[in-house]
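# Commentary on secondary and tertiary structure
Listed below, chain by chain, are the residues.
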Amino acid sequence: MADKKNAVQLPQPTAAEVEFAQQLVERAKADGVSLVGPGGLLAGITRTVLESALDAELDAHLDEVGVDEATGRRINIRNGHGAKTVQTEVGPVRIQVPRDRAGSFTPRIVPKHVRRLDGFNEAILSLYAKGLTTGEISAHLADVYDADVSRELISRVTDSVVDEMEAWRQRPLDRVYPVVFIDALVMKIRQGQVANRPVYVVVGISLDGERDVLGMWAGTGGEGAKQWAGYLTELRNRGVEDVFMVCSDGLMGMTDAIEQVWPQAVHQQCVVHLVRASLRYTNRKDWQKITPALREIYTAPTIAAAEARFEAFAAEFGDQYPAVIRLWRTSWPQFVPFLDYDHEVRKVLYTTNIIESLNARFRQAARRRGHFPTEQAAMKVLYLVVQQKRRGGGSITGRVYGWAKALNALILAYGDRITI
């Protein structure tokens, strides 16, 4: 009982950090690398970090005590070290605890009489979860902790998530998803030589309002209906029998693919993508006129009103920007479906915060690495980004704000297809 009472609770690690620590230990056992136990790598890193933290604490304590004004000397000074063994999750660690001459130093990292520390190894293994490359991790451990960890070992450890990633990509899904978002980002992947490869991501919102990444695929470029039908069929085979609306940009063959897999689903053109594409065809100096005019179209109360506003837009800008008018006319059948719904459903369909936030994190992780040696390496990083939980919210998965109002509107539209 005394041990539990005196145990130090360090900041709780994220799920990704805990997972990585477990994978590191398991991989080390398979490779015969000593990571845990006396003299192991993690014990050495733990000792270095603890001793550095204790030294910093003592320095702060001595500074706080101050200097004797009469003599100009410190009131309290260091007085050597005392050895102490603490039990950690990586095994027993022998550390040198600094002492002060006055005996007034009370450390907080490793308090007096405490000989057990919880959760330390997971906390110091957060580097990988934060998106550092194997080389950066190796250099960081060498510079900060004076620990020699090879890039090869780190790479072998991270490879241990591949099986789990594949199981995640094949996991069963819900029967019904009211809304599914599809988007793509470009990553640099080596295929003999470094090339830009599209990576397609599908995010779904369940009937409970929970958002989740349903699938990710690395494409080869130029995907048509057949390719996309294969991706969506994979989702159907994993349990997705019905989708009400699929939101995407102008990906080639998407409408045909949706009709093959989910005949009752509606293909909704992503409004944000449509507006962005329109602005690419126009001069920046005209954006202050064009943007409000386009907003009048996609916020119209009815389809008829949207058509009238679009014709007015075409009359004003058609001669100057015919490509924009052609873009909207081509996209019109996929643009108008969400205008049939009330404000609450429109907010869910119009907003791209869900997919945009995910892609922003993907791009951040990709930029740190420049390019990936293999397709598997790229997908592994994206998987870990999806799995990483953020403290204080902002995680990829989670409940959609205000979903109850949207669900009520969807029930009115698709009541016969909803089972709760």
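Residues numbered from 1 in each chain as written. Predicted model: local features only at pLDDT ≥ 70, side-chain atom pairs only at ≥ 80, totals over all residues. Heavy atoms only, no water.

### Re the sheet that holds strand β7 (residues 210-218)
Strand pairing within a sheet occurs via backbone hydrogen bonds; the two strands may be parallel or antiparallel. On the basis of which strands lie adjacent, the open sheet formed by six strands has the order β9-β8-β5-β6-β7-β10 and mixed pairing. Strands with a single pairing partner mark the edges of an open sheet, and in this sheet they are β9 (266-269) and β10 (398-399). As paired strands, β7 and β10 are joined by two bridges and run antiparallel to one another. Within the sheet, the bridge partner assigned to E210 lies in β10 and is R399. (Pairing = 2+ DSSP bridges. Helix = DSSP H or I, 4+ residues; strand = E, 2+ residues; numbered from the N terminus.)

### Looking at the packing of aromatic side chains
Tallied over the entire structure, the rule returns 12 aromatic pairs. Taking the centre distance of 4.8 Å and the plane angle of 15 degrees together, the rings of W217 and Y231 count as stacked. Residue W217 is located in strand β7, and its partner Y231 is located in helix α8 (residues 225-237); the two are separated by 14 residues in the primary sequence. Of the residues examined, W217 reaches a relative accessible area of 5% and is grouped as buried. In this structure an aromatic cluster arises from ring pairing among F310, W328, W332, F335 and F338. (Phe/Tyr/Trp six-rings, centres within 6.5 Å; stacked < 30°, edge-to-face > 60°. Buried < 20%, exposed > 50% of the residue type's maximum accessible area, 1.4 Å probe, protein only.)

### Remarks on the side chain of D242
By secondary structure assignment, the location of D242 is in strand β8 (residues 242-248). Judged by its relative accessible area of 9%, D242 is buried. In this view, D242 contacts R175, V176, Y177, W262 and R417; residues no more than four positions away in its chain are not counted. (Contact = heavy atoms within 4.5 Å.)

### Some details on helix α11 (residues 287-298)
Residues that lie three or four places apart on an α-helix share one face, since the helix turns once every 3.6 residues. Compared with an ideal rise of 1.5 Å per residue, which puts 12 residues at 16 Å, α11 spans 16 Å between its outermost C-alpha atoms and is within 8% of the ideal. Taken together, the buried positions of α11 are occupied by I290, L294, I297 and Y298. Considered in projection along α11, the buried side chains sweep an arc of 80 degrees and stay on one side of the axis. (Expected span 1.5 Å × (residues − 1). Arc of directions from axis to C-beta.)

### Some words on the packing of helix α7 (residues 162-169) against helix α16 (residues 375-387)
At a minimum axis separation of 10 Å, α7 and α16 run at an interaxial angle of 70 degrees. By the angle between their directions, the pair α7 and α16 is classed as roughly perpendicular. Residues V162, E164, M165, W168 and R169 of α7 form the contact with α16, whose participating residues are Q376, M379, K380, Y383, V386 and Q387. In terms of residue class, the contact of α7 with α16 is made up of six nonpolar, two polar and three charged. (Axes fitted to C-alpha atoms, helices over the stretch in contact; angles between N-to-C directions. Parallel < 35°, antiparallel > 145°, perpendicular 65-115°, else oblique. Nonpolar A, V, L, I, M, F, W, Y, C, P; charged D, E, K, R; others polar.)

### Re the pattern of salt bridges
According to the stated counting rule, one finds 12 salt bridges in the structure shown. With its nearest N and O atoms 2.9 Å apart, the salt bridge here joins D59 to R78. Here the residue D59 occupies a position in helix α3 (residues 41-65), and R78 occupies one in strand β2 (residues 78-88), the gap between them amounting to 19 residues. We classify D59 as partly exposed; its relative accessible area is 37%. In this structure, the salt-bridge partner of R175 is E241, at a minimum N-O distance of 3.6 Å. Of this pair, R175 sits in the loop between α7 and β5 (176-191) while E241 is found in the loop between α8 and β8, placing the two residues 66 residues apart along the sequence. (Salt bridge = Lys/Arg side-chain N within 4 Å of Asp/Glu carboxyl O.)

### Some words on the nonpolar core
With 44 residues, the main nonpolar core has I297, F313, W328, W332, F335, L349 and W403 as its most contacted residues. For this core, the secondary structure elements donating two or more residues are β5, β8, α10 (271-280), α11, α12 (303-317), α13 (322-335), α14 (343-350) and α17 (403-414). Counting residues in each nonpolar core, the second largest holds 27 residues, with V203, A218, A377 and L382 among its members. (Core = buried A, V, L, I, M, F, W, Y, C linked by side-chain atoms within 4.5 Å.)

### Here we look at the confidence of the model for the chain
In the predicted model, the chain carries a mean pLDDT of 78, and the fraction of residues at 70 or more is 75%. No element of the chain has a lower mean pLDDT than helix α4 (residues 120-124), which averages 38, and none a higher one than α12, which averages 94. With pLDDT under 50 throughout, residues 1-13 is counted as low confidence; its partners more than four residues away or in other chains account for 21 contacts. Across residues 119-126 the pLDDT falls below 50, and counting only partners more than four positions away or on other chains, this stretch makes 23 contacts in the model. (pLDDT = per-residue confidence, 0-100.)

### Comments concerning the environment of V348
Structurally, V348 can be placed in helix α14. It is 7.5 Å that separates the C-alpha atoms of V348 and A406, two residues lying 58 residues apart in sequence.

### Comments concerning the environment of R295
On the secondary structure map, R295 appears in helix α11. As for R295 and V275, which are separated by 20 residues in sequence, their C-alpha atoms are 8.8 Å apart.

### Some thoughts on the packing of α12 against α13
At a minimum axis distance of 10 Å, the contact between α12 and α13 shows a crossing angle of 160 degrees. As far as their axial angle goes, α13 and α12 are roughly antiparallel. Handedness of the crossing formed by α12 with α13: left-handed. Across from A306, E307, F310, E311, F313 and A314 in α12, the residues of α13 making contact are V324, I325, W328, R329 and W332. (Left-handed = near helix turned anticlockwise from the far one by under 90°.)

### As for the environment of R368
Relative to the helices and strands, R368 resides in helix α15 (residues 353-369). Separated by 232 residues in the primary sequence, R368 and E136 place their C-alpha atoms 9.8 Å from one another.

### Remarks on the side chain of S206
Along the chain, S206 falls in the loop between β6 (193-205) and β7. By relative accessible area, S206 is classed as buried at 5%.

### Structural notes on the pairing of β9
Alignment of β8 against β9, held across four bridges, turns out to be parallel. For M245, the partnering residue across the bridge sits in β9 and is V266. Following the backbone out of β8, through helix α9 (residues 254-261) and into the adjacent parallel β9, one traces a crossover that is right-handed. (Right-handed = clockwise from strand over helix to strand, strands pointing away.)

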